[in-house]
Amino acid sequence: MGKITASRETLKPDPRYKSILASKFINCLMQDGKKTTAQEVFYGAMDELKKRVPGEEPIDVFTQAVENVKPHIEVRSKRVGGAAYQVPMQVNRTRQQSLAIRWLLMAVREKKGRPAHLKLADELFAAYNREGTAYTRRENVHRMADANKAFAHFAW
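Every chain is numbered independently, its residues counted from 1 as its sequence is written. Per-residue local features of the predicted model are confined to residues with pLDDT of at least 70, and side-chain atom pairs are confined, for both listing and counting, to 80 or more; whole-chain, interface and lining totals are unaffected and use all residues. Side-chain metrics in this entry use all non-hydrogen atoms of the structure; hydrogen atoms and water are not considered.

Participant: Any chance you could explain the overall build of the protein chain here in plain terms?
Facilitator: Helix and strand counts for the protein chain come out as seven helices and two strands. Here a strand is any run of E in DSSP of at least two residues, a helix any run of H or I of at least four, and the numbering for each starts at the N terminus. Reading the protein chain from its N terminus to its C terminus gives the helix and strand order α-α-α-α-β-β-α-α-α. In terms of overall dimensions, the protein chain has a C-alpha envelope of 55 × 35 × 30 Å along the principal axes. For the protein chain, the proportion of its 156 residues judged to be buried stands at 40%. For the protein chain, the share of sequence-separated contacts (at least 6 apart) that also reach a separation of at least 24 residues comes to 61%. For the area figures, the Shrake-Rupley method with a 1.4 Å probe applies, and any residue is considered shielded solely by the protein chains shown. For the protein chain, the accessible area works out to roughly 9,400 Å², and carbon and sulfur atoms hold 52% of it. We call a residue buried when its accessible area falls under 20% of the maximum for its residue type, exposed when it is over 50%, and partly exposed in between, using a 1.4 Å probe and counting protein chains only. We call two residues in contact whenever any of their non-hydrogen atoms come within 4.5 Å of each other.

Right, here's the structure in full:
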């Protein structure tokens, strides 16, 4: 296990929406310590989402997109008697959130040739509608856990 950092206690809400989740997402989006650039990308994506979903607040669309990508169950390797089994296990809330953010950002970074805020807006909009690369990844994780249900009795 990685060591627990103080970020959970010290994390301040983002300036525009006053959301802890948005602040965490911006920090994960940030590269080389360039927080202002990460904020420009995130808020640019939020403005784009406002155009695409006129009836909803963009922060609500973002929150729902992250919620839709969160995995509830995943497989973990467990060695039993010399054999490694893929055992389905529940995912705790903090890991669900970090996996969802990681998958969304991975999907955004895989796409090439467009401005980052547009790629992020595309992926968030797709996740909001239960489609896209990050949502597909979540579905694959759930499918894998479902396929290995027979080994659930090894979870202890």
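More follows now that the structure is in view.
Participant: I would appreciate a short explanation of the environment of A134 in the present structure.
Facilitator: Tracing the backbone through its elements, the reader meets A134 in helix α7 (residues 133-147). Residues A134 and A116, 18 residues apart in the sequence, show an inter-C-alpha distance of 16 Å. With sequence-adjacent residues up to four places away left out, A134 is seen in contact with V69, W103, L104, A107 and E123.

Participant: What's the story with the pattern of salt bridges in this structure? I'm lost.
Facilitator: Think of it this way: side chains of opposite charge can pair up when their charged atoms draw near. A pairing counts as a salt bridge when a side-chain nitrogen of Lys or Arg comes within 4 Å of a carboxyl oxygen of Asp or Glu. Applying the stated criterion across every chain, the model contains 10 salt bridges. Close ionic contact of E74 with R95 constitutes a salt bridge, the shortest N to O distance being 2.9 Å. A residue pair is termed long-range when its members are at least 10 positions apart, and E74 in strand β1 (residues 73-80) and R95 in helix α5 (residues 93-110) qualify at 21 residues. You can call E74 buried: its relative accessible area is 8%. Taking relative accessible area as the criterion, R95 reaches 28% and is therefore assigned partly exposed. A cluster of three or more residues bridged by salt bridges with shared partners is formed by E48, R52, R114 and D122.

Participant: What is the right way to look at α7 in this model?
Facilitator: An α-helix turns once per 3.6 residues; consequently, residues spaced three or four apart project the same way. The span one expects for a helix is its residue count, reduced by one, times 1.5 Å. Across its 15 residues, α7 extends 21 Å between first and last C-alpha, which sits within 8% of the 21 Å expected from 1.5 Å per residue. Along α7, the positions that sit buried rather than exposed are A134, Y135, R138, V141, H142 and A145. All buried residues of α7 fall inside an arc of 120 degrees around its axis, so they share one side. Pointing more than 90 degrees away from the buried face of α7 are the exposed residues R143 and A147. The elements touched by buried residues of α7 are α4 (58-69), β1, β2 (83-90), α5 and α6 (116-128). Our arc is simply the arc of the directions from the helix axis toward the C-beta atoms.

Participant: Can you help me understand α6 in this one?
Facilitator: For α6, built from 13 residues, the straight-helix expectation of 18 Å at 1.5 Å per residue is met to within 8% by its first-to-last C-alpha distance of 18 Å. When we look at burial in α6, the residues that qualify are K119, L120, A121, D122, E123, L124, A126 and A127. Against α2 (20-29), α3 (35-52), α4, α5 and α7 lie the buried residues of α6. R130 sits one or two positions beyond α6 and adopts a positive phi of about 60 degrees.

Participant: Sorry, what's going on with the side chain of Q96 here?
Facilitator: You can see Q96 is positioned in helix α5. Excluding its chain neighbours within four sequence positions, the residues that come into contact with Q96 are K70, P71, H72 and V91.

Participant: What is the right way to look at the pairing of β2 in this model?
Facilitator: Along any regular strand the residues' side chains alternate between the sheet's two faces. When DSSP finds at least two bridges between two strands, those strands are taken to pair. Of the pairings in the sheet, the one linking β1 to β2 comprises eight bridges and is antiparallel in character. Paired with R79 across the bridge in β2 is A84.

Participant: Sorry, what's going on with the packing of aromatic side chains here?
Facilitator: Any pair of Phe, Tyr and Trp rings, taking the six-membered ring for Trp, is counted once the centres come within 6.5 Å. Such a pair is stacked with planes under 30 degrees apart, edge-to-face with planes over 60 apart, and tilted for the rest. Following the criterion strictly, the structure yields six aromatic pairs and no others. Ring centres of F42 and Y43 lie 5.6 Å apart, and the angle between their planes is 65 degrees; on these two criteria the pair is classed as edge-to-face. The class of F42 is buried, set by a relative accessible area of 0%. Three or more aromatic residues link up through ring pairs in this structure, and these residues are Y17, F25, F42, Y43 and F62.

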